[in-house]
Amino acid sequence: ETGVTQSPTHLIKTRGQQVTLRCSSQSGHNTVSWYQQALGQGPQFIFQYYREEENGRGNFPPRFSGLQFPNYSSELNVNALELDDSALYLCASSRGIPGRMNNEQFFGPGTRLTVL
Amino acid sequence: AQTVTQSQPEMSVQEAETVTLSCTYDTSESDYYLFWYKQPPSRQMILVIRQEAYKQQNATENRFSVNFQKAAKSFSLKISDSQLGDAAMYFCAYRSGGTSGSRLTFGEGTQLTVNP
């Protein structure tokens, strides 16, 4: 157990709907990163939040958005869901300044999103 | 952009034997970090071992060790005395050494089966 929690565990939505996924970071961690892992593939970086500001974004459209709160927990919002958005969504929290070696990322168990 | 390639979709090993998982990467950066993560069926991504590119010495963590060949851009993982609990999906990952962010770039993964 890493201390990073995600909710919900599983979620089923229909195409066109909107979804919000939540992540609670490990105590003392100020950075949260989100990844999308399609079935049978490696995780793909969506974006990262450091001290409530977006600090880097992967190749994902604007309908993927996020927030980080003062307690460093985070949300991932996806609008206008598409079938290809079906995946495991992982969040990872870390401490310190992004990019430094001691900035190890600790992953949560993920949220499995199915879009029908 | 950096890429990570794992050419072995599946590997198997007998319990107590040794297995090596391969990983190659492509980058133009000189400062970076490499990681091996393990993802069991529980889906939680667990850090196995990490290597700083500026270090010539190969990292070792108990039964896990790496063979880091910087010039060849190769980063293999050796698991000695394999145990049933080692069965999982293994991902090789790259992270830039810059402070602009700490996104991880993952390979496609290698599914490791440990036979009793």
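The residue numbers shown here count from 1 along each chain, following its written sequence. To read the labels, note that chains go from A and ligands from 1, taken in the order they are written. Confidence filtering applies because this is a predicted model: local features only for residues at pLDDT of at least 70, side-chain atom pairs given and counted only at 80 or more, and all residues used for totals across whole chains, interfaces and linings. The side-chain values count all of the structure's non-hydrogen atoms but skip hydrogen atoms and water molecules.

## Some points on the overall build of chain A
Condition: Secondary structure elements follow DSSP: runs of H or I no shorter than four residues count as helices, runs of E no shorter than two count as strands, and numbering proceeds from the N terminus. To get the radius of gyration, use the C-alpha atoms; to get the globule rule, take the number of residues to the power 0.38 and multiply by 2.2 Å. The buried label goes to any residue with under 20% of its type's maximum accessible area, the exposed label to any with over 50%, and the partly exposed label to all in between, with areas taken from a 1.4 Å probe on protein chains only. Two residues form a contact once any of their heavy atoms are found within 4.5 Å. For every accessible area listed, the method is Shrake-Rupley and the probe measures 1.4 Å; residues are considered covered only by the protein chains on display.
Helix and strand counts for chain A stand at zero helices and 11 strands. The helix and strand sequence of chain A, counted from the amino end, reads β-β-β-β-β-β-β-β-β-β-β. Against the compact-globule benchmark of 13 Å for 116 residues, chain A has a radius of gyration of 13 Å, which places it among compact chains. Each of the 116 residues in chain A was classed as buried or not, and the buried ones make up 53%. For chain A, long-range pairs separated by at least 24 residues make up 55% of all intrachain contacts whose partners lie at least 6 apart in sequence. For chain A, the exposed area adds up to about 5,300 Å²; of that, 48% sits on carbon and sulfur atoms.

## Topic: the state of the cysteines
All names here are of chain B. Short version of the rule: Any two cysteine sulfur atoms lying within 2.5 Å of each other are counted as a disulfide.
Within this structure, the stated rule accounts for two disulfides over all chains. A disulfide bridge connects cysteine 23 with cysteine 92, and the sulfur atoms are separated by 2.0 Å. Taking the torsion about the sulfur-sulfur bond, which here is approximately -65°, the covalent link between cysteine 23 and cysteine 92 counts as left-handed. One end of the pair, cysteine 23, is in the loop between strand S3 (19-21) and strand S4 (24-26); the other, cysteine 92, is in strand S10 (residues 88-96), and 69 residues separate them in sequence. With respect to class, cysteine 23 is no different from cysteine 92; both count as buried.

## Here's the deal with the nonpolar core
Formally: Here, the term nonpolar core denotes a set of buried Ala, Val, Leu, Ile, Met, Phe, Trp, Tyr and Cys residues that are joined through side-chain atoms within 4.5 Å.
Ranked by internal contacts, the top residues of the largest apolar core, which has 25 residues, are Tyr25, Trp36, Phe75, Leu77 and Tyr90 of chain B. Residue contributions to this core peak at four residues, all from S10 of chain B. Beyond its immediate chain neighbours, meaning those up to four positions away, tyrosine 90 of chain B contacts Gln6, Leu21, Trp36, Tyr37, Lys38, Val48, Phe64, Leu77, Ile79, Gly109, Thr110 and Leu112 of chain B. By size, the runner-up hydrophobic cluster in this structure holds 20 residues, among which are Leu21, Phe64, Ala87 and Leu113 of chain A.

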